[in-house]
Amino acid sequence: MTLKRRDTNRETKMKRLLTTAIGAVGLLAMSSAAQADAAAGQAAFEANGCLDCHYTEGPAREKTIEDQLAKTGPELWYAGDKFVQDWLTAWLTVPAPIRPMKFNSLTEENPGDHPALSADDAASVSDYLMSLTSGVVESGTVKVKKNAKGRVIFSKKMPCSGCHQYTGRKGEPLGGNSGPSLAEAGKRLNPDWILAYLKQPETFKPVKMMPVFVGLLSDKDMANVASYVAYFGTK
Ligand code: HEC
Ligand code: HEC
């Protein structure tokens, strides 16, 4: 009897060990599949000439206005912090204008001529770009909602709406043209990144085309306005 019990004990132990081992192998296979996609994505990124206009290694390189003006596209080294992956994958196949004006210009309209990728390349490039992170964005800091305090900050207390497009209560387009459109911000941007960007703009955009709100807005109000902005386009 005792022997038998020990045998079944050993059997359960073996079974447990085996399932753990299989689980571990499964996880390994999954993570190397994601890595393979990111590696294929990096190759596709390079092969498609994306590096001509975008840099992908941090930290931020721009030190002067001249550095900023020499750039022909936005930096992507923290793309994984900034974007919502589903939006990114779709946008890469149909890259509709984000900035109403041409990049780095206040007078010329965005020509809307961004290169597009095939669906296959877009999927792997999106995996690659989502693997690029700054390491400073905390997740779960911003609760997305129709934040009333955030609305007052965005459209009254602070000049945000003077530079950014957004959508009014009746669906009407509102706001200014000099910054990227925020009308679809909720589909496009990670709410936690919006807050991190407001709190430490020097990490992401050391040369500022946008005013710095550190000292003007409390951390709490930055979270309120991030919450409000991240609600745009979600309902
Ligand atoms: C000739 C320069 C140029 C090339 C080449 C180029 N881009 Fe861009 N990219 C831009 C500009 C300019 C924008 C801003 C577009 C807008 O605001 O509508 C942009 C925006 C983006 C964005 C959104 C970034 C943001 O912060 O708004 C992503 C992602 C992106 N490009 C990926 C790519 C990929 C992938 C490729 C290669 C297939 C590529 N780009 C090739 C100039 C370029
Ligand atoms: C004077 C114009 C101006 C004002 C005022 C302004 N912004 Fe911006 N904003 C910009 C520009 C330009 C960018 C593009 C980044 C850059 O080049 O600095 C930007 C970028 C952003 C982004 C990132 C968008 C993206 O797709 O890259 C967010 C989010 C944002 N602003 C939110 C705000 C909020 C919230 C306020 C108010 C508290 C605000 N902005 C006030 C001009 C402005």
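Before going into details, it helps to say that this report is about the structure given with it.

What counts, and at which threshold
Residues numbered from 1 in each chain as written. Chains lettered and ligands numbered in written order. Predicted model: local features only at pLDDT ≥ 70, side-chain atom pairs only at ≥ 80, totals over all residues. Helix = DSSP H or I, 4+ residues; strand = E, 2+ residues; numbered from the N terminus. Contact = placed C-beta atoms within 7 Å. Buried ≥ 20, exposed ≤ 12 C-beta atoms within 10 Å, placed from the backbone.

**As for the environment of Lys187**
Within the secondary structure layout, Lys187 lies in helix H8 (residues 185-188). Separated by 99 residues in sequence, Lys187 and Leu88 place their C-alpha atoms 9.4 Å apart. Among all residues touching Lys187, those that are not within four sequence positions of it are Val84, Trp87, Gly233 and Thr234.

**Topic: the environment of Val229**
Positionally, Val229 belongs in helix H11 (residues 219-229). Classification of Val229 as buried rests on a count of 27 C-beta atoms within 10 Å. Taking the C-alpha atoms as reference, Val229 lies 6.9 Å from Gly186; in sequence the two are 43 residues apart. Leaving out residues up to four positions away in the same chain, Val229 has contacts with Phe154, Leu182, Ala185 and Ile194.

**Details of the environment of Arg188**
Its location among the elements puts Arg188 in helix H8. Through-space distance from the C-alpha of Arg188 to that of Leu88 is 7.2 Å; in sequence the pair is 100 residues apart. In contact with Arg188, not counting residues within four places along its chain, are Phe83, Val84 and Trp87.

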